[in-house]
Amino acid sequence: MGKVTVGAAVIGGAAVCAAAAYIVRFRMRNSDPYVKCGDIVKELEEKCRTPVSKLRHIADAMTVEMHAGLASEGGSKLKMLITYVDNLPTRDEQGVYYALDLGGTNFRVLRVQLAGKSGIEYKEFAEVSIPPELMVGAPEALFDYIAAELAKFIASENEKFRLLPGRQRELGFTFSFPVLQLSIDSGTLIRWTKGFSIGEMVGKDVVAELRKAMDRQGVDMRVSALVNDTVGTLAGGRYDNKDVAVAVILGTGSNAAYVERAQAIPKWHGPHPKSGEMVINMEWGNFKSSHLPLTEYDNTMDAESLNPGEQIYEKLISGMYLGELLRRVLYRMANEAALFGDMVPPKLKTQFILRTPEMCAMHHDTSPDLKVVGEKLKDILEIPNTPLSTRKIVVEVCNIIATRGARLAAAGILGILKKIGRDGFRDGAIPEIVIAMDGGLYEHYTKYRNCLEKTLEELVGDKVANHVKLILSNDGSGIGAALLAACHSQYI
Ligand code: GLC
């Protein structure tokens, strides 16, 4: 090392930098990588800690922000959007209804035949992935693509589905982005989230855009309800269980909706609905609090994202981002502590290359040699033959990131329960409450889901936990939109 330093002094400034870099690299190669990686893991663990006291602060902050967002437009980072959904399905609904569910990398079209108290007689759906270029292109391209798929799907309708004579088909449109709703069947896009970015659409009526595309594609159908996926999930959940009053999505993005008393919405200036209630789309993904345990990885991911400074809570807890956070930590370990040997694997530099389903598979690997982890590292990052010690580190990082996300999501749910007075006794008893859950992260990432549920129990305590149920409302958002189209049918 002395030799390098002497040489550098002789050959000038630029070379000093190069030599310094060489020294750093030299030191790293000679140190035990696992010791350094251990330090990085320890530091990450420390910064991601979510003790119950912190979670309680976060839940309280969520409750405070909910009040503020309901009080006035722009009163909080939480939009607390009025949905115009003041009646949820009752099982009186009859007939065939369609839904179109757009909000992630895939979209779905579905139809249901509703048979009153007997429930859903038939349902059929088709799922189509959205070409990435359409997520950032022109609005017409995206909406034409959707409307064309809808047209194909309608053409495949058979006689099981019975449209009453003289009636027009009706559709519930699940559009899972923040929308300022103007009525049950219209609303303007506030901003994009989850990697979508079609500037021209912001401020435009989403249903009007869809209608234009439907006209262009020759689709004759009425859009009777425009809903967020959380609202659809709430409606779908309520159809099956009358105690459902909250819905949470944990998928590509994350959000929650719940049933609020109209009186508790000071910014609502319309006539109070007959039910006295209104569903609120919280857009909780945009929640932010000084109590959130943010790390350097979160901050840089946010700064480099399409929506810096926004959706901070979503970036900590949802499926779009967990895998990317893992990549960022591994990249630092590769760079600073030679986790994968002398070279930083080039693939590891690609943003979003590690997707959350992959992270989930590695996290759940129970084989003694962590075979799945080895395979994923090889297949996705092109890192062959990783030693077991390296694989163990990867699993540890998965665990830290997923645990933090799941615990923070549980704190958010506690915040809602507090807001609606369901976090303890009410009038001498503990009322039952059911939370409809949907989204791939919740459905498929078992460790995340278990951790969320355990944390919620821990937060509300055993007694209340017996009265708070989380149910997977699979497909809820799409079916719920069809149900809401039925509740808000033009023929009622
Ligand atoms: C994002 C959207 C929100 C949606 C959620 C889950 O947070 O802004 O509207 O409900 O993702 O899909």
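Going by an unreviewed UniProt entry, the protein chain carries the name Phosphotransferase and comes from Ambrosia artemisiifolia. Under Sequence similarities (unreviewed entry), UniProt gives the following word-for-word description of the protein chain: "Belongs to the hexokinase family."

K.L.:
Describe the confidence of the model for the protein chain, and please don't skip the residues or the numbers.
P.N.:
For the protein chain, the average pLDDT comes to 92, and 93% of its residues sit at 70 or higher. Note on residues 1–30: pLDDT is under 50 here. Beyond four places in sequence and across chains, it has 16 contacts.

K.L.:
Give a description of the packing of aromatic side chains that names residues and reports values.
P.N.:
Under the criterion given, the structure shown has 14 aromatic pairs. Relative to W192, the ring of F175 has its centre 5.8 Å away and its plane inclined at 65°; by these criteria the two rings are edge-to-face. Of this pair, F175 sits in strand β5 (residues 170–175) while W192 sits in the loop between β7 (186–189) and α6 (206–216); the two residues are 17 residues apart in sequence, bridging distant segments of the chain. By relative accessible area, F175 is classed as buried at 1%. A ring pair is formed by W192 and F196, whose centres lie 5.5 Å apart and whose planes are at 15°; its orientation type is stacked. Owing to a relative accessible area of 7%, W192 belongs among the buried residues under this scheme. Under the relative-accessibility criterion, F196 is labelled buried at 3%.

K.L.:
Provide a residue-level description of the pairing of strand β2 (residues 94–102), including the pertinent values.
P.N.:
The element β2 is largely enclosed, with a buried count of eight among its nine residues. Here nine bridges tie β2 to strand β3 (residues 106–115), and the two strands are oriented antiparallel to one another. The partner of Q94 across the bridge, within β3, is A115. As consecutive antiparallel partners, β2 and β3 are separated by three residues. Sheet topology note: the β2/β5 ladder contains five bridges and is parallel. Looking across to β5, one finds that Y98 is bridged to L171.

K.L.:
Can you explain the nonpolar core? Please cite residues and give values.
P.N.:
Judged by nonpolar contacts, the single largest core of 94 residues is most densely connected at L250, Y258, M282, W284, M333 and Y448. Here the element with the most residues in this core is helix α13 (residues 388–419); it accounts for 17 residues. Excluding anything up to four places from it in sequence, W284 contacts M62, L78, V248, S254, N255, A256, Y313, I317, A409, G412, I413 and I416.

K.L.:
An account of the pattern of salt bridges is needed here, citing residue identities and associated values.
P.N.:
Within this structure, the stated rule accounts for 30 salt bridges. With its nearest N and O atoms 3.1 Å apart, the salt bridge here joins E43 to R332. Here the residue E43 occupies a position in helix α3 (residues 33–47), and R332 occupies one in helix α10 (residues 319–337), the gap between them amounting to 289 residues. Residue R332 is classed as buried on the basis of its relative accessible area, which comes to 16%. Here the salt bridges do not stand alone but share partners, grouping E43, E296, R332 and E336 into one network.

K.L.:
Tell me what's going on with the sheet that holds β2, and back it up with residues and numbers.
P.N.:
Spatial strand order, β4-β3-β2-β5-β8: five strands in an open sheet with mixed pairing. Edge strands, defined here as strands with exactly one partner in the open sheet, are β4 (120–129) and β8 (222–227). Neighbour-to-neighbour, the strand axes of this sheet turn through a mean angle of 20°, independent of strand direction. Where helix α5 (residues 139–155) meets the sheet, it contacts β2, β3, β4 and β5, and its direction lies at approximately 40° from that of β3. Across the face of the sheet, α6 comes into contact with β2, β5 and β8 while running at roughly 145° to β8.

Reading guide: rules and limits
Residues numbered from 1 in each chain as written. Predicted model: local features only at pLDDT ≥ 70, side-chain atom pairs only at ≥ 80, totals over all residues. Heavy atoms only, no water. UniProt positions renumbered as here; feature names shortened; annotations may be inferred. pLDDT = per-residue confidence, 0-100. Contact = heavy atoms within 4.5 Å. Phe/Tyr/Trp six-rings, centres within 6.5 Å; stacked < 30°, edge-to-face > 60°. Helix = DSSP H or I, 4+ residues; strand = E, 2+ residues; numbered from the N terminus. Buried < 20%, exposed > 50% of the residue type's maximum accessible area, 1.4 Å probe, protein only. Pairing = 2+ DSSP bridges. Core = buried A, V, L, I, M, F, W, Y, C linked by side-chain atoms within 4.5 Å. Salt bridge = Lys/Arg side-chain N within 4 Å of Asp/Glu carboxyl O. Axes fitted to C-alpha atoms, helices over the stretch in contact; angles between N-to-C directions.

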